Amino acid sequence: WWPREWRFENIQAALVYLDSAAIVNSVIFTAVVTIVQLTLVVMTGFALAKMQFLGRNVLFGLFIITIFVPFQVVLIPTFILVRNLNWIDTFMGLTVPVIAQTSFGVFIFRQFYLSMPNEILDAAKIDGANWGQVFLKIVLPLSGPPIAAYVAVAVLTAWNMYVWPLISTTTKEMRVLPLAIAGLGSQTSQTPPNIAMMAVLLSTLPIIVFFILCQRYFINGLGGALKE
C-alpha cells in the first residue's frame, strides 16, 4: 500500500492523459446539480412542513414513494424522454434528469423543518413578514446543518456519477471525469497502469478532502433531520 519510491512526475503525466474538457464538464455538472437541487429541496421541504395547502400530505407521499423506485426502472423511459427532447449530448440532458431526483432531499428538509418551532414563524408573520421574508430571513439562516449535509451528499453523488452520463452523452467533448477515467482502463487504452492509477487518485482526492471538511456538518445535519 505504501510506495517504495515516490514518482511525482506521474502527476503531470496523468493530467496529460486526462481530458481537460472532462474535468471542466465534471465541475460544471456537479455545481449545477448541487445548486439547483439544493434550491428545490429547501423550498419544497419548507412548504411541505410549514405551509397549509390542499393535497400536502398526498404530495409528500408521492415524494416518499419515488425514493423506493430503483433508478434502473426509470432509466430507459428517462432516456427516451431526453432523446425526444433532442437533449442527447447537451448539458440539459445531462443535468435535468439528475436535478429531478429530489425525493431524498425533500424528505430530509421536511423532517428538519417539522422540528422548527412554529412560534418563531408566527412572530415574524405578526410583525408583517410574508412567507418569502420568513423563509429568507429566518428559515435559511437556521438551516445550516441540513444544507451542509445535503451539499455533501449531492456533490459526492454528482462527481462520481457514471451510468447516466454514459447513456446521455456520446461525444468526447461532453463526457465527464468518471467516463474519462473508465476510458483509461479500457482494453484499447494505451495508458500505463501507474498513470491510470494516478489519474484515479487525482480524481478522487478533491472529493475525499471535501467530505473530510464537511463530515461534521453531514453527520449533524442528518442526525437533526432524522430524529423526528
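In what follows, the structure referred to is the one given above.
Quick notes on the rules
Residues numbered from 1 in each chain as written. Predicted model: local features only at pLDDT ≥ 70, side-chain atom pairs only at ≥ 80, totals over all residues. Heavy atoms only, no water. Core = buried A, V, L, I, M, F, W, Y, C linked by side-chain atoms within 4.5 Å. Buried < 20%, exposed > 50% of the residue type's maximum accessible area, 1.4 Å probe, protein only. Helix = DSSP H or I, 4+ residues; strand = E, 2+ residues; numbered from the N terminus. Contact = heavy atoms within 4.5 Å. Salt bridge = Lys/Arg side-chain N within 4 Å of Asp/Glu carboxyl O.

Asker: Go over the nonpolar core, please, and point to the residues and values.
Answerer: Of all hydrophobic cores here, the largest spans 22 residues; its most connected members are Val42, Phe109, Tyr113, Leu121 and Val139. Where this core is concerned, the elements lending two or more residues are helix H2 (20-50), helix H3 (56-67), helix H6 (103-114), helix H7 (118-126), helix H8 (131-139) and helix H9 (144-160). At 6 residues, H2 tops the list of elements feeding residues into this core. Once residues within four sequence positions are removed from consideration, Phe109 is found in contact with Leu38, Val41, Val42, Gly45, Pro146, Ile147 and Tyr150.

Asker: Tell me about the pattern of salt bridges, and name the residues and values.
Answerer: A complete count under the given rule lists 2 salt bridges for this structure. Between Arg7 and Glu5 there is a salt bridge, and its shortest N-O distance comes to 3.5 Å. Across the pair Glu9 and Arg7 runs a salt bridge whose closest N-O atoms are separated by 3.6 Å. Under the relative-accessibility criterion, Arg7 is labelled partly exposed at 43%. Linked by salt bridges that have partners in common, Glu5, Arg7 and Glu9 make up one network.

Asker: Summarise unusual backbone geometry; cite the residues concerned and give the values.
Answerer: Note: most residues except glycine have negative phi, and most peptide bonds are trans. One non-glycine residue with positive phi stands out, namely Asn86, at about 60°. Phi angles above zero are rare outside glycine, and Asp89 is one such case at about 65°. By the element assignment, Asp89 lies in the loop between helix H4 (71-84) and helix H5 (91-99).

Asker: So what about the environment of Met92? Which residues, and what values?
Answerer: Tracing the backbone through its elements, the reader meets Met92 in helix H5. The exposure class of Met92 is partly exposed, given its relative accessible area of 43%. As for Met92 and Asn10, which are separated by 82 residues in sequence, their C-alpha atoms are 35 Å apart. Ignoring anything within four residues of it in the chain, the contact list for Met92 reads Trp87 and Pro97.

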